[in-house]
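# Per-entry structural report
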Amino acid sequence: MRTTRVTEQIAQLTRFGLMNAYLVREDDGFTLVDTMAAGSAGGLVGAAAELGAPIRRIVLTHGHGDHTGSLDALRARLGDAVEVLIPARDARILAGDRTFDPGESTRKLRGTWSKVATQPDVLLAPGDRVGSLEVVASPGHTPGHVALLDTRDRALICGDAFSTIGGTTVAGAGNWRFPLVAFGTWDGERALQSARELRALEPTLLAPGHGRAVPAPARAIDEALAKAAR
Ligand SMILES: [Zn+2]
């Protein structure tokens, strides 16, 4: 597990150079954003210990297996005192309901939806606050995908709405150097619209689920949006 400090408050944790989770510092300890694939729990807990604070809550950006895979192991290790917060729409899918809401694409869900036994303590809706983080709707990669905006400095943990391996790329847009996110994307048009909405937040840092964090990302995002629109 590699730990990289990306802002005053946020550490990026990386496994295999491929997938990220984030530790966000709050007054009472850390909020862990995403849990990586199975087998990562020990490394995530160890990274928090090394940074000198306990994990108090776990938030998921979406329900894919490479973000939820170590949730059950973390729950077993950390106990019920650690709050688990999951976007309501993706929690429904994780619970086995694959029906679509009116107005949603009825394309088949893509990506890995591994079984998750942990029941969420909180079902998140856009606009909710998790400590200093604001929950921002960003559907498209999955129906319930959310991004998390640190209201202290406008750093944006964007889940898979963007990836940065092989260059900043919108979910659903082709990226031959890292096709995983495109393959996993449910509704590419909605993902592009969400990417535009995230750009409008004027983030000071883009912190993706896959790839390095990008400081002052406006230009990189604009290029990714232009590329995705073609
Ligand atoms: Zn994903």
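Residues numbered from 1 in each chain as written. Predicted model: local features only at pLDDT ≥ 70, side-chain atom pairs only at ≥ 80, totals over all residues.

Within the protein chain, the regular secondary structure consists of seven helices and 15 strands. Compactness check: the protein chain gives a C-alpha radius of gyration of 16 Å against a globular reference of 17 Å for 230 residues, within 12% of the reference. Dimensions of the protein chain along its principal axes, counting C-alpha atoms only, are 45 × 40 × 30 Å. The 230 residues of the protein chain split such that 50% are buried. For the protein chain, long-range pairs separated by at least 24 residues make up 65% of all intrachain contacts whose partners lie at least 6 apart in sequence. (Helix = DSSP H or I, 4+ residues; strand = E, 2+ residues; numbered from the N terminus. Rg over C-alpha atoms; globule rule 2.2 N^0.38 Å. Buried ≥ 20, exposed ≤ 12 C-beta atoms within 10 Å, placed from the backbone. Contact = placed C-beta atoms within 7 Å.)

All right, on to the sheet that holds strand S2 (residues 10-15) then. Read from one edge of the open sheet, seven strands run S1-S2-S3-S4-S5-S6-S7, paired in mixed fashion. At either end of the open sheet lies a strand with only one pairing partner, and these are strand S1 (2-5) and strand S7 (122-124). Ignoring which end each strand starts from, the neighbouring axes of this sheet average 25° apart. In terms of strand pairing, S2 meets strand S3 (residues 19-26) through six bridges, oriented antiparallel. (Pairing = 2+ DSSP bridges. Axes fitted to C-alpha atoms, helices over the stretch in contact; angles between N-to-C directions.)

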